[in-house]
Amino acid sequence: MKVRLLSIGKDRSGLYEPAVQEYARRLGHYTRFELVELTEASGKKLKPGDAKASEAEAILSRRKPQDWVVALDERGSLLDSVELSRYVGKAQTGAKDLLFVIGGDEGLDSSVRDAANLTLSLSKMTLPHRLARVVLVEQLYRAFTILKGEPYHK
Ligand SMILES: C[S@@+](CC[C@H](N)C(=O)[O-])C[C@H]1O[C@@H](n2cnc3c(N)ncnc32)[C@H](O)[C@@H]1O
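Not measured: the values here are computed from a predicted model.

1. Thoughts on helix α2 (residues 48–61)
Next, step 1: For α2, built from 14 residues, the straight-helix expectation of 20 Å at 1.5 Å per residue is met to within 8% by its first-to-last C-alpha distance of 20 Å.
Next, step 2: As for α2, its buried residues are in contact with β1 (2–8), β2 (32–38), β4 (97–102) and α4 (110–115).

Written out as structure tokens, the structure is:
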């Protein structure tokens, strides 16, 4: 099974990236995990709607037939950690790959949400997308430890 995290924009802050890299390293013990950063179209002087549409095109072109697409959005479904681990486990037993998608400053285009198998909220609050990456990779790491019955999740 492969898990990919596709996100819009690079993290040059130095604040969140070390944590993302640490959880990515830990996730590597359980699954093939890949982080993919796509260039923000909003930096290309497009109108917000056009930028989101252009980002959506880049995102959806990366989708593979065996992927379950999970769009991260504050308006999505709220799962607890055990529920997320069950979703990951279902993908694993169904020989599916998981493609998680985090939007940029303007959020995700509705076409990405429409194409998603699941729209997942990490909270009802709006998070900076770089912080959303950290929360998601930690929860994915937690999900795999739950599936393995390891003591990390309490
Ligand atoms: C700064 S937010 C964009 C907010 C934008 N106003 C919107 O309506 O989506 C950037 C990205 O971070 C992710 N994100 C932020 N808060 C989130 C949350 N509470 N749950 C899930 N994803 C979130 C989403 O993928 C979002 O597209």
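2. Examining the pairing of strand β3 (residues 67–78)
Next, step 1: For β3 and β4, the ladder comprises five bridges, and the chain directions are parallel. Residue pairing in the sheet places tryptophan 68 in a bridge with leucine 98 of β4.
Next, step 2: After leaving β3, the chain enters helix α3 (residues 81–93) and then returns to the sheet as β4, a path that is right-handed.
Next, step 3: Alignment of β3 against strand β5 (residues 118–121), held across five bridges, turns out to be parallel. Paired with serine 77 across the bridge in β5 is leucine 120.

3. Points about the environment of glutamate 74
Next, step 1: Topologically, glutamate 74 is positioned in strand β3.
Next, step 2: Here glutamate 74 falls in the partly exposed class, since its relative accessible area comes to 30%.
Next, step 3: As a C-alpha pair, glutamate 74 and glycine 107 span 33 residues in sequence and 9.6 Å in three-dimensional space.
Next, step 4: Setting aside residues up to four positions removed in sequence, glutamate 74 forms contacts with Ser121, Ser123, Lys124, Met125 and Thr126.

4. A few points about the site of the ligand
Next, step 1: Near the ligand you find 20 residues, and of these Leu72, Leu122, Ser123, Met125 and Leu127 are the closest.
Next, step 2: Separating an oxygen atom of the ligand from a backbone N or O atom of leucine 72 is a distance of 2.7 Å.
Next, step 3: The backbone of leucine 127 places a nitrogen or oxygen atom 2.9 Å from a nitrogen atom of the ligand.
Next, step 4: Relative to its free-state accessible area of 570 Å², the ligand is covered by the protein chains to the extent of 87%.
Next, step 5: The residue inventory of the shell around the ligand, partitioned by class, reads eight nonpolar, seven polar and five charged.

The rules we used
- Residues numbered from 1 in each chain as written.
- Predicted model: local features only at pLDDT ≥ 70, side-chain atom pairs only at ≥ 80, totals over all residues.
- Heavy atoms only, no water.
- Helix = DSSP H or I, 4+ residues; strand = E, 2+ residues; numbered from the N terminus.
- Expected span 1.5 Å × (residues − 1).
- Contact = heavy atoms within 4.5 Å.
- Pairing = 2+ DSSP bridges.
- Right-handed = clockwise from strand over helix to strand, strands pointing away.
- Buried < 20%, exposed > 50% of the residue type's maximum accessible area, 1.4 Å probe, protein only.
- Near = heavy atom within 4 Å.
- Polar contact = N/O pair within 3.5 Å; in protein donor to acceptor, adjacent residues only side chain to side chain.
- Areas by Shrake-Rupley, 256 points an atom, 1.4 Å probe, with all protein chains shown as cover.
- Nonpolar A, V, L, I, M, F, W, Y, C, P; charged D, E, K, R; others polar.

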